[in-house]
Structure formats: C-alpha cells, structure tokens
Amino acid sequence: SFPTRRSSDLYQMLLIFPRLKVMDLSMKIEKLERQGKIDEARGLRKHWLKKPKFAQFPELWSSEGKDLLFTKKDPKRALSAYEMAIQADAYYNPVEVYYGAACSALLINQYEKAKKYYNSFNAWWDKFMANPKLKGYYFTHYLGCKNWIDRKIEKIES
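The structure contained in this document is the topic of the report that follows. Just so it is clear, the model here is predicted, and its values are computed rather than measured.

Reading the values: rules and limits
What you see as residue numbers is a count from 1 along each chain, following the sequence as written. With the structure being a predicted model, the display of local features is reserved for residues of pLDDT at least 70 and the display and counting of side-chain atom pairs for 80 or more, all residues being used for whole-chain, interface and lining totals. The side-chain quantities take in all heavy atoms of the structure and omit both hydrogens and water. To qualify as a helix, a DSSP run of H or I must reach at least 4 residues; to qualify as a strand, a run of E must reach at least 2; elements of each kind are numbered from the N terminus. Note on exposure labels: buried denotes an accessible area under 20% of the residue type's maximum, exposed denotes more than 50%, and partly exposed covers the range between, all computed with a 1.4 Å probe on protein chains only. Contact criterion: two residues are considered in contact whenever any of their non-hydrogen atoms come within 4.5 Å of each other. In this description, a disulfide is simply a cysteine sulfur pair whose atoms lie within 2.5 Å. By convention in these notes, a salt bridge is any Lys or Arg side-chain nitrogen within 4 Å of a carboxyl oxygen on Asp or Glu. By the criterion applied in these results, polar contacts are pairs of N or O atoms within 3.5 Å in which, for protein atoms, one can donate a hydrogen and the other can accept it, and in which residues neighboring in sequence qualify only through two side-chain atoms. Any Phe, Tyr or Trp ring, taking Trp's six-membered ring, that has another such ring centre within 6.5 Å forms a pair; planes under 30 degrees apart are called stacked, those over 60 apart edge-to-face, and the others tilted. In this scheme, the term charge over a ring applies when either NZ of a lysine or CZ of an arginine sits within 6 Å of the ring centre and within 35 degrees of the ring normal. Both cavities and pockets are sets of points on a 1 Å grid over the protein atoms alone; in a cavity a 1.4 Å probe fits but cannot get out, in a pocket the set is open with protein on both sides within 12 Å along at least five of seven lines, and lining residues sit with an atom within 4 Å of a point. Grid points are joined across faces, edges and corners, and a volume is the space filled by probe spheres set on the points. For this classification, the nonpolar set comprises Ala, Val, Leu, Ile, Met, Phe, Trp, Tyr, Cys and Pro, the charged set comprises Asp, Glu, Lys and Arg, and every other residue, Gly included, is treated as polar. Patch definition: residues above 30% relative accessible area lacking any salt bridge, with like charges linked at up to 9 Å and the nonpolar side chains Val, Leu, Ile, Met, Phe, Trp and Tyr linked at up to 5 Å. To measure how exposed things are, a 1.4 Å probe is used in the Shrake-Rupley method; for residues, cover is taken only from the protein chains shown.

### Things to note about the overall build of the protein chain
Item 1. Check the secondary structure of the protein chain and you find 9 helices and 0 strands.
Item 2. Walking the protein chain from its N terminus toward its C terminus, one meets helices and strands in the order α-α-α-α-α-α-α-α-α.
Item 3. Considered along the principal axes of its C-alpha atoms, the protein chain spans approximately 60 × 35 × 30 Å.
Item 4. Relative to its full complement of 158 residues, the protein chain shows a buried share of 40%.
Item 5. Partitioning the contacts of the protein chain with sequence separation of at least 6, the portion at a separation of at least 24 is 52%.

The following block contains the structure:
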C-alpha cells in the first residue's frame, strides 16, 4: 500500500478527470449536509454547477433538486433541477430522481408531468424490486415515498 502522502497525491491527480471530481464533490456535499453545514454545501454545489464542464453531471443536479425540494421547500426550482439531472443522465439514481421530479411536479400542480415522472419512477421501482441485490435497499429507503406518491397520484386520477 502507498504511504499516506503518495496516496493523497495520487488522489489529487485523479481529480483532474471531471467524472472523478464530481464524485468527490458529491461526497463532500453529502458530508457537509450530514454535519448540518447546509449553507456551505449549497455554496459548494452552486459554485460547481456554474461551470459548464461540471453542470453536465446528474449528481450535482440531483443534489440540488433534493435540497430545493426537501430543505428549501421550493418545488418549482426543484423540478427544474431534477429535470436537468434526468436530461444529463436518465439512468442516474432513477428511483430518487424520478421520485423527486414527480413530487415537485405534484406540489406545483403540474399533473401531466407528475404522472409522466411517476410512471418512470414506478418502472424503475419494479426493476429494482425484481433484483434481489437492490430490493432490500430500495424497499427500506423508498417504500414510504412510494406509498405517499401512489396515494397522491391515485387521488388525482379519481
């Protein structure tokens, strides 16, 4: 194994690759949020979202959507962020991203968009429930979300 100094140097060199840099940023943002340093996390995310090379990655947009929807209670801007994440990569964490997009659309009364994103959420949910390696995680973390959105959509459709 490398001594700490060399490992750190190698890690810093790898951060020249945008994909790896975004993964590192995502981990830093999540850590700041867990520590309750929400404003610092927002500042870091917003700084990098302004850079076109990095704004093409869904991780940052998904994080932005989550913050706007659940912390700032701004579903209109959250929907835009989730749509940017979907546009960047429709396969990136699809259960979370499509759930966030559907919830945001519901909360601003954009029912057609809500149904569209809800249908995508359900399609991914079904795929993940069919996979024993994913089922436990998604069932534990998202069943409450699924039940909530199922009831909301059912109410709209009736």
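Next comes the rest of the account.
### Quick look at the state of the cysteines
Item 1. Going through the model one piece at a time under the given rule, you end up with 0 disulfides.
Item 2. Cysteine Cys 103 is unpaired, with the sulfur of Cys 145 as its nearest cysteine sulfur at 7.0 Å.
Item 3. The class for Cys 103 is buried, based on a relative accessible area of 3%.

### A closer look at the pattern of salt bridges
Item 1. Across all of its chains, the model carries 12 salt bridges by this definition.
Item 2. Here Lys 146 makes a salt bridge to Asp 150, at a shortest N to O gap of 3.2 Å. Placement of the pair is Lys 146 and Asp 150 together in helix H9 (residues 132–157), with a separation of 4 residues, close to one helical turn.
Item 3. Counted as one network, the salt bridges with shared partners bring together Glu 33, Asp 39, Arg 42, Arg 45, Lys 46, Glu 64 and Asp 67.

### Observations regarding the environment of Glu 83
Item 1. Along the chain, Glu 83 falls in helix H6 (residues 75–88).
Item 2. On the basis of relative accessible area, Glu 83 is assigned to the partly exposed category, the value being 21%.
Item 3. Residues in contact with Glu 83, not counting those within four places in the same chain, are Lys 113 and Tyr 117.
Item 4. One polar contact links Glu 83 to Tyr 117, side chain to side chain, over a distance of 2.9 Å.

### Structural notes on the packing of aromatic side chains
Item 1. For the structure shown, the criterion picks out 9 aromatic pairs.
Item 2. Taking 5.8 Å as the distance between ring centres and 80° as the angle between the ring planes, the aromatic pair formed by Tyr 91 and Trp 124 counts as edge-to-face. With Tyr 91 in the loop between H6 and helix H7 (94–107) and Trp 124 in helix H8 (residues 111–129), the pair connects residues that are 33 residues apart, well separated along the chain.
Item 3. Here Tyr 138 and Tyr 142 contribute two aromatic rings whose centre-to-centre distance is 5.5 Å and whose plane-to-plane angle is 20°, an arrangement assigned as stacked. One end of the pair is Tyr 138 and the other is Tyr 142, both in helix H9 and 4 residues apart, which spans about a single turn.
Item 4. Taking relative accessible area as the criterion, Tyr 142 reaches 8% and is therefore assigned buried.
Item 5. An aromatic cluster is defined as three or more aromatic residues linked by ring pairs; in this entry it consists of Tyr 91, Trp 124, Phe 128, Tyr 137, Tyr 138 and Tyr 142.
Item 6. The ring of Trp 48 is capped by Lys 51, whose NZ or CZ atom sits 5.4 Å from the centre of that ring.
Item 7. It is Lys 127 that lies over the ring of Trp 124; its NZ or CZ is 4.5 Å from the centre.

### A word on the layout of surface pockets
Item 1. The volume enclosed by the largest pocket comes to roughly 200 Å³.
Item 2. Forming the boundary of the largest pocket are Met 23, Ser 26, Ile 29, Glu 30, Glu 33, Glu 59, Ser 62, Ser 63, Lys 66, Tyr 92, Asn 93 and Glu 96.
Item 3. If you tally residues by element for the lining of the largest pocket, the top one is helix H2 (residues 18–34), at 5 residues.
Item 4. Classifying every residue of the lining of the largest pocket gives 3 nonpolar, 4 polar and 5 charged.

### Here's the deal with a nonpolar patch on the surface
Item 1. Where nonpolar side chains cluster on the molecular surface, the patch consists of Ile 16, Phe 17, Leu 20 and Met 23 and spans about 390 Å² of accessible area.
Item 2. The topology assignment puts Leu 20 in helix H2.

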